[in-house]
Amino acid sequence: MDKTIRCPYCGEEIKAIARKCKHCGEWLNNNKSDDPESQMRRSITGGIANIRNSNILIWEIFIIAILAGLFKESWWWFGGTFIGLAILLSIPFLGTAFCIVLSLLWGIIGYSFGAMLSDAAAWVIGILSFMAGLGIHFSGRQGIQDMN
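So, the packing of aromatic side chains
Summed over the entire model, instances satisfying the criterion amount to five aromatic pairs. Between Trp-59 and Phe-62, the ring centres sit 5.4 Å apart and the planes meet at 85°, which makes this aromatic pair edge-to-face. Taken together, the residues span about one helical turn, with Trp-59 and Phe-62 both in helix α1 (residues 36-72) at a distance of three residues. The class for Phe-62 is partly exposed, based on a relative accessible area of 29%. Ring geometry for Trp-75 against Phe-78: centres 5.9 Å apart, planes inclined by 90°, an arrangement best described as edge-to-face. Here Trp-75 and its partner Phe-78 are both found in helix α2 (residues 75-90), three residues apart, which amounts to about one turn of the helix. Among the aromatic residues, ring-to-ring pairing joins Trp-59, Phe-62, Trp-75, Phe-78 and Phe-82 into one connected group. The ring of Trp-77 carries Lys-72 above its face, with NZ or CZ at 5.0 Å from the centroid.

Examining the nonpolar core
In this structure, Leu-57, Ile-61, Leu-85, Leu-88, Leu-89, Phe-98, Cys-99, Leu-102 and Ile-144 together form the largest nonpolar core, which totals nine residues. For this core, the elements supplying multiple residues, two or more each, are α1, α2 and α3 (92-115). Apart from residues lying up to four places away in sequence, Ile-144 is in contact with Ser-54, Leu-57, Ile-58 and Leu-89. Within the second largest apolar cluster, five residues are counted, among which are Cys-7, Ile-14, Ala-18 and Cys-21.

Observations regarding the side chain of His-137
With respect to the helices and strands, the residue His-137 is situated in helix α4 (residues 119-147). Separated by 2.7 Å, the side chain of His-137 and the backbone oxygen of Gly-133 make a polar contact. Setting aside chain neighbours within four positions, we find His-137 in contact with Leu-57, Glu-60, Cys-99, Leu-102, Ser-103 and Trp-106.

Comments concerning α2
With 16 residues, α2 should reach 22 Å at 1.5 Å per residue; the first-to-last C-alpha distance of 23 Å fits that figure. Regarding α2, its N-cap is Ser-74, as a side-chain oxygen of that residue lies 3.0 Å from the backbone nitrogen of Trp-76 further along.

So, how was this worked out
- Residues numbered from 1 in each chain as written.
- Predicted model: local features only at pLDDT ≥ 70, side-chain atom pairs only at ≥ 80, totals over all residues.
- Heavy atoms only, no water.
- Phe/Tyr/Trp six-rings, centres within 6.5 Å; stacked < 30°, edge-to-face > 60°.
- Helix = DSSP H or I, 4+ residues; strand = E, 2+ residues; numbered from the N terminus.
- Buried < 20%, exposed > 50% of the residue type's maximum accessible area, 1.4 Å probe, protein only.
- Lys NZ or Arg CZ within 6 Å of the ring centre and 35° of its normal.
- Core = buried A, V, L, I, M, F, W, Y, C linked by side-chain atoms within 4.5 Å.
- Contact = heavy atoms within 4.5 Å.
- Polar contact = N/O pair within 3.5 Å; in protein donor to acceptor, adjacent residues only side chain to side chain.
- Expected span 1.5 Å × (residues − 1).

The values reported here are purely geometric and, on their own, carry no functional implication.
And the structure:
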């Protein structure tokens, strides 16, 4: 015989494995998110997103290193900048500050594009760009830390 419980919405007796009450039609929150399979799925999908964002972060460091090398006309500056910024990400406080600075740059770029439309658009696009940058950079930094 199937185990039964009472619906938290209408009080009628229903099967314990039910996802929706057959009496009142309410969806039930059978918290199955704690089972190992669900935890592993969330961990894998979150990890994939972090790795994608870490690729963005690494490309940004690469572009900054290229600009430093071109500005100083030196391969040493390119290599040193790339390695230095990569190491910087692993230092807790400095890596956080670096992610914030990169996000501010995204905000400035967004503001510049928005300024072509109007002052209001400049602020909205700038703030949204900054917030998106924060999400991508901190997720990417977490992905890099997870790979270590």
